[in-house]
Structures are given as C-alpha cells and as structure tokens.
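Examination of the molecular architecture
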Amino acid sequence: MRASLQAITDELRRLKAGGVSNLPVSEESLRRLRDVVAARRPAAAAPAEPTPFVPASDAPSRPSPAAPTSKPKPAEPTLPPPPVVNLPADGDKQSRWDWLKNHVVNHPVVTANLRAGKVAVLGVGNLDASVMFVGEAPGAEEEVQGEPFVGPAGQLLTKMIQAMGVKRDDVYIGNIMNWRPQLPDTPEGAPQVGNRPPTAEEMAFCLPFLRAQIEIVRPSLLVALGSTAAQGLLGAGSFTALGQVRGRWHDFNGTPTMVTYHPSYILRNNSNRSKRMIWEDLLKVMERAGLPISEKQRGYFLGK
Ligand code: URA
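Residues numbered from 1 in each chain as written. Predicted model: local features only at pLDDT ≥ 70, side-chain atom pairs only at ≥ 80, totals over all residues. Heavy atoms only, no water.

Scanning the chain from N- to C-terminus turns up eleven helices and six strands. Every one of the 304 residues in the chain was classed for burial, and the buried ones make up 50%. When the accessible surface of the chain is split by element, carbon and sulfur atoms take 53% of a total near 14,700 Å². (Helix = DSSP H or I, 4+ residues; strand = E, 2+ residues; numbered from the N terminus. Buried < 20%, exposed > 50% of the residue type's maximum accessible area, 1.4 Å probe, protein only. Areas by Shrake-Rupley, 256 points an atom, 1.4 Å probe, with all protein chains shown as cover.)

This is the structure in structure tokens:
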C-alpha cells in the first residue's frame, strides 16, 4: 500500500509540474484514501511489488491506487549556469563514457546536491544501443545503487523492454537528472520520503551530461519517458499536457524521439488501457528500430 501511495504521490507531483491542476477521482479511490487516512499509523517498510507488463490474460490485475497523502514544498536550489562538457576527442566509446562518468559523479555541483551517503547516477546499458530510453531522475533506490531505473518503476521499465523482445542490456537507459531532486526536511527535521520533479534550472544544468551520453552512444532513436523527460528533450514549456506530444515522433538534435508515459504512470494506473497506450508507442519504436514484431506482440493489452 505504501509503495502504491508513493507512486501516486510522485505521479501527482509530476502532473502538477506539467501544468495539471485538476484530476477526476473515483468514489472508490476516495473511499480508499479515507481508509488510509483513518488508519494513519507509522508506515511499515514494505518491499515494492513489481507490476507485471504482460497481457492481462497472463497476469492478475491489481487494485487501482488511491490519492496522494502530502504536498511537500519543492526545494528551490540555485545553480550555476549549465556546464560545458568537453568529451575527449580520442578513444573508444567505453573510455569516453568512463571519462564522462568520472566527470559527472565528481562534479562539485552534482556532489553538492546529493544527500549524505548518496551517489550521482549516470546512464547504464549498451554503448552501441540503437534505442536510448530517457527518464526523469534517480529515486531512492537509484541514489543508493548509482544506477538508473532499479526501483519499482525501473523493474516495470525492464519488463516493457523485454516485451519488445530485447534485453535491458541491449538498450541504453539514462535520465534527465543525475541526482535525486531533494525535498526539504520536514518541520521536525526528518528527511521527507518521496520524489519531486526537477526544476527547469536543475534540468538545464544536467542536460549537457545527457547530451554527452547521446554523443557517445549515438542511438538511432530516443524514447522520452514521461513529462519531465519530454520537457527536458523538447524544451521546458514546449507543451502543457503530455497528451499533446505523446505517441508522436519529435526531433532531438537530429535523433528521432518518441514521447510516451513514464512507467510510474502504470504503477499508478495498472489497467490494460494505460498499458496499451504505452505499448502502442513502443510498437512505433520497434517498427522504426527495425525490430521484429509478432502478431502476438501487436495484440498485447487489446483486451478489457
Ligand atoms: N528511476 C530513474 O532512474 N528514473 C526515473 O525517471 C524514475 C525512476
């Protein structure tokens, strides 16, 4: 339950950052929320349940989640202008990537934005990948492990990639941000749980690091996962609702870029309908990447 509420809270923060101010909430969700509030007791640490990304005929559906519990005020960091990244001109992809990783994780602005004991996160995957996925920012698990998409949303992303008939190791996965955007401590001085979307200033600061990864990998296609990634790649303020840009090809410095929902959207709304929307976008990616598509794959999530 705690993991579900966390996913909803994070998604609502993202929607709010993307300009959404109203959302329809079903009676059932309101009832669930009331139950949670009524039961208000210290949350027990619960392992996150991975959500399946396979057709409903193969997987039991999960109950729809409830509504958010808190609205922490975003931190307002002040950052210097975005850095200029001078990648080494010589060397193979791996040595240039190693240089970049060392540069990013030791960058004084990056390290100054980390919580004590946490690490910066660069992308991961195949440096010869033809498809690069771009997410938002590291979360709680990622800032510990130093790898993107290893938490609940990451487990789901891995399943989405596998549904495309490829392995996680075949693609490259990066983020707009290299550190987890910090939330101010609670009034009691305790660290807040949850995530907030990065500010435009934070995204602008980290974008040169993502550009450098794209320059090294040179993927044929980019996939922007969710509103923050899309704003980062297409330009802050280039759209007000993800629906305006999702499911269509865009251009990022000459690389065709598909925009789709963030996997956390499915953690919040685990219906065949929402899975199908993402899946249709991924079918377009598979087509353009020249990946084989079986009839079975074409029909995923067409049921109720
Ligand atoms: N983990 C990441 O690395 N990025 C996201 O966008 C979400 C979770």
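Looking at the secondary structure, you find alanine 236 in the loop between helix H8 (226-234) and strand E5 (249-252). For alanine 236 and threonine 199, which are 37 residues apart along the polypeptide, the C-alpha to C-alpha distance reads 9.7 Å. Ignoring any residue separated from it by four or fewer positions in sequence, one finds alanine 236 in contact with Ala200 and Gln231. (Contact = heavy atoms within 4.5 Å.)

Before going further, it helps to spend a moment on the nonpolar core. Counting 72 residues, the largest nonpolar core has Phe133 and Trp279 as the members making the most contacts within it. The element that contributes the greatest number of residues to this core is helix H7 (residues 200-217), accounting for ten residues. (Core = buried A, V, L, I, M, F, W, Y, C linked by side-chain atoms within 4.5 Å.)

The full set of residues close to the ligand is Gly135, Glu136, Ala137, Glu142, Pro148, Phe149, Asn175 and His262. Note that a nitrogen atom of the ligand is positioned 3.0 Å from one of the backbone N or O atoms of alanine 137. A distance of 2.7 Å separates an oxygen atom of the ligand from a polar side-chain atom of asparagine 175. Starting from 240 Å² of accessible surface for the ligand in isolation, the protein chains cover 94%. Along the lines of polarity and charge, the residues of the shell around the ligand split into three nonpolar, three polar and two charged. (Near = heavy atom within 4 Å. Polar contact = N/O pair within 3.5 Å; in protein donor to acceptor, adjacent residues only side chain to side chain. Nonpolar A, V, L, I, M, F, W, Y, C, P; charged D, E, K, R; others polar.)

Pairing is mixed in the open sheet, where six strands are placed in the order E1-E3-E2-E4-E6-E5. Every other strand in the sheet has two partners, leaving strand E1 (124-125) and E5 as the edge strands with one partner each. One ladder, built from four bridges, connects strand E2 (residues 131-135) with strand E4 (residues 221-225); its direction is parallel. Note that in E4 the partner of valine 131 across the bridge is leucine 221. Across the face of the sheet, H7 comes into contact with E2, strand E3 (172-175), E4 and E5 while running at roughly 170° to E2. Its contacts with the sheet place helix H10 (residues 272-289) against E2, E4, E5 and strand E6 (255-260), and it is angled at close to 165° to E6. (Pairing = 2+ DSSP bridges. Axes fitted to C-alpha atoms, helices over the stretch in contact; angles between N-to-C directions.)

On to H7. Between its terminal C-alpha atoms H7 stretches 25 Å, which fits the 26 Å expected from 18 residues at 1.5 Å a residue. At cysteine 206, H7 is deflected by roughly 35°, the largest bend along its length, and proline proline 208 occurs up to four residues later in sequence. A large share of H7 lies buried, amounting to 13 of its 18 residues. Looking one or two places after H7, you find arginine 218, whose phi comes out positive at around 50°. (Expected span 1.5 Å × (residues − 1). Bend = angle between axes of the 7 residues up to and from the residue.)

Right, let's get into the packing of aromatic side chains. The final tally for this structure, using the stated rule, is eight aromatic pairs. Aromatic rings pair up to connect Phe53, Trp279, Tyr300 and Phe301 into one cluster. A cation sits over an aromatic face here: arginine 288 above tryptophan 249, 4.7 Å from the ring centre. (Phe/Tyr/Trp six-rings, centres within 6.5 Å; stacked < 30°, edge-to-face > 60°. Lys NZ or Arg CZ within 6 Å of the ring centre and 35° of its normal.)

This part takes up H8. Of all nine residues in H8, eight are buried, a share of seventy percent or more. The complete set of buried residues in H8 reads Gly226, Ser227, Thr228, Ala229, Ala230, Gln231, Gly232 and Leu233. Residues of H8 that are buried in the fold lie against E2, H7, E4, E5 and E6.

The tally for this structure, following the rule as stated, stands at nine salt bridges. The closest approach of N and O atoms between arginine 196 and glutamate 202, which form a salt bridge, is 3.0 Å. A residue is classified by how much of its surface remains accessible, and arginine 196, at 4% relative accessible area, is buried. In this structure, arginine 246 and aspartate 281 form a salt bridge, with 2.9 Å as the shortest nitrogen-oxygen distance. Within this pair, whereas arginine 246 is found in the loop between H8 and E5, its partner aspartate 281 is found in helix H10, the two being separated by 35 residues in sequence. Judged by relative accessible area, which is 1%, aspartate 281 ranks as buried. (Salt bridge = Lys/Arg side-chain N within 4 Å of Asp/Glu carboxyl O.)

Don't take any of this as a statement about function, it's just geometry.
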